[in-house]
2 protein chains.
Amino acid sequence: MSKLAQLAATTVAPPCCPSLTDRELTEEEAELTAAMFKALGDPVRLRLFSKVASHPDGEACVCDIADVGVSQPTVSHHLKKLREAGLLLSERRGTWVYYRLAPAVLSALSGFLTTSD
Amino acid sequence: MSKLAQLAATTVAPPCCPSLTDRELTEEEAELTAAMFKALGDPVRLRLFSKVASHPDGEACVCDIADVGVSQPTVSHHLKKLREAGLLLSERRGTWVYYRLAPAVLSALSGFLTTSD
């Protein structure tokens, strides 16, 4: 198991947030959660995120996902934003950086958006 | 049942999007989905959204949710953005506008963020 896979396996769900229908978010919870949604709120960033998430190996080399019609520095910038938002984990191996979903964070966001309505 | 509740009950899930782990998003799917995440990517907007979602009546009068520390025009602006993104439904009744979640859209976003990893 690579370091990246180990890191992904041990990442725990962030304390934030309740399901939307449970109760109002506090200001602090709203800050944290909005930052993650903001990171997903750009089409190119979302495509890069989708490429990592759907990669059959469970992780993606930046060299495999960079064909989104923008320059390499822009790709790097978007991947940095996704990492800073806690949505992706990254690991350098040799020449390339590999990316993997941070699954507990996704589960938290998915649970947040789940409603019994 | 109010017109708003009827509208919410008949709203169907948008065609977008597959689960993140299924396949890459197309450019068009990424545009649509990123617009919804962008609407949730502001702390004040997310608090307003949370106030509507957690309201015990299943809908909220704008008069009940406007205490988020910003001016009334700013509240109106944020609610308009949430409506335009397809996340909230609104209905004017007398003096006030009432808001309700568009539940099928939330289910779609929640499903999108669900992964078996």
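Residues numbered from 1 in each chain as written. Chains lettered and ligands numbered in written order. Predicted model: local features only at pLDDT ≥ 70, side-chain atom pairs only at ≥ 80, totals over all residues. Heavy atoms only, no water.

Engineer: Any chance you could explain the sheet that holds strand S1 (residues 60-61) of chain B here in plain terms?
Structural biologist: Each strand in a sheet pairs with another by means of backbone hydrogen bonds, the pair being arranged parallel or else antiparallel. Residue and element names in this part refer to chain B. Spatially, three strands are ordered S1-S3-S2 in an open sheet, and the strand pairing comes out antiparallel. The outermost strands of the open sheet, each flanked by one partner alone, are S1 and strand S2 (88-93). As paired elements, S2 and strand S3 (residues 96-101) share six bridges and run antiparallel to each other. Note that in S3 the partner of Arg-93 across the bridge is Trp-96. (Pairing = 2+ DSSP bridges. Helix = DSSP H or I, 4+ residues; strand = E, 2+ residues; numbered from the N terminus.)

Engineer: I tried to follow the pattern of salt bridges on my own but got confused; where do I start?
Structural biologist: In a structure, side chains of opposite charge can pair up when their charged atoms sit close to one another. On inspection of all chains with the given rule, the structure shows 14 salt bridges over all chains. Two residues, A:Glu24 and B:Lys51, come together in a salt bridge whose shortest N-O distance is 3.2 Å. Highlighted residues: A:Glu24 in the loop between helix H1 (3-10) and helix H2 (27-40) and B:Lys51 in helix H3 (residues 43-53), drawn from two different chains. Take B:Lys51: its relative accessible area is 6%, and that puts it in the buried class. Between B:Asp67 and B:Lys51 there is a salt bridge; the shortest N-O distance is 3.0 Å. (Salt bridge = Lys/Arg side-chain N within 4 Å of Asp/Glu carboxyl O. Buried < 20%, exposed > 50% of the residue type's maximum accessible area, 1.4 Å probe, protein only.)

Engineer: Is there a simple way to think about the interface of chain A and chain B in this case?
Structural biologist: The figure often quoted for interface size is the accessible area lost as the parts come together. Taken together, the contact between chain A and chain B spans 34 residues of the former and 34 residues of the latter. The junction of chain A with chain B conceals about 2900 Å² of combined surface from both sides, 70% of it contributed by carbon and sulfur atoms. Applying the counting rule to chain A against chain B returns two salt bridges. Our count for the contact surface shared by chain A and chain B stands at seven residue pairs in polar contact (both at pLDDT 80 or more). (Contact = heavy atoms within 4.5 Å. Buried area = accessible area lost by both parts, 1.4 Å probe. Polar contact = N/O pair within 3.5 Å; in protein donor to acceptor, adjacent residues only side chain to side chain.)

Engineer: Just checking my understanding: could you explain helix H6 (residues 103-112) of chain B for this structure?
Structural biologist: Residues lying three or four places apart along an α-helix face the same way, a consequence of the helix completing one turn every 3.6 residues. The element H6(B) is extensively covered by neighbouring structure, given that eight of its 10 residues are classed as buried. Residues of H6(B) that are buried: B:Pro103, B:Ala104, B:Val105, B:Leu106, B:Ala108, B:Leu109, B:Ser110 and B:Phe112.

Engineer: Help me out: how do you make sense of the state of the cysteines in this one?
Structural biologist: Here a disulfide denotes one covalent bond, and it connects the sulfur atoms of two cysteines. All names here are of chain A. Summed over all chains, the structure comprises two disulfides over all chains. With a sulfur-sulfur separation of 2.2 Å, Cys-61 is cross-linked through a disulfide to Cys-63. Around the S-S axis, the bridge from Cys-61 to Cys-63 shows a dihedral of about 130° and counts as right-handed. Overall, the relative accessible area of 40% leaves Cys-63 in the partly exposed class. (Disulfide = S-S within 2.5 Å.)

Engineer: What exactly am I supposed to notice about the sheet that holds strand S1 (residues 60-61) of chain A here?
Structural biologist: All names here are of chain A. Spatially, S1-S3-S2 is the arrangement adopted by the three strands of the open sheet, whose pairing is antiparallel. Edge positions in the sheet fall to S1 and strand S2 (88-93), since each of these pairs with one other strand and no more. Across two bridges, S1 lies against strand S3 (residues 96-101) in antiparallel orientation. By the bridge assignment, Cys-61 is partnered in S3 with Tyr-98. Docked against the sheet, helix H3 (residues 43-53) engages S1, S2 and S3, running at close to 85° with respect to S3. Across the face of the sheet, helix H5 (residues 72-84) comes into contact with S2 and S3 while running at roughly 120° to S2. (Axes fitted to C-alpha atoms, helices over the stretch in contact; angles between N-to-C directions.)

Engineer: Any chance you could explain the packing of H2(A) against helix H6 (residues 103-112) of chain A here in plain terms?
Structural biologist: How two helices sit against one another is set out by the angle between their axes and by the gap between those axes. All names here are of chain A. Packing of H2 against H6 leaves a shortest axis separation of 12 Å and a crossing angle of 100°. Comparing their axes, H6 and H2 come out roughly perpendicular. Contacts between H2 and H6 involve Thr-33, Met-36, Phe-37 and Leu-40 from the first element and Val-105, Leu-109 and Phe-112 from the second. Of the residues that constitute the contact of H2 with H6, the class distribution is six nonpolar, one polar and no charged. (Parallel < 35°, antiparallel > 145°, perpendicular 65-115°, else oblique. Nonpolar A, V, L, I, M, F, W, Y, C, P; charged D, E, K, R; others polar.)

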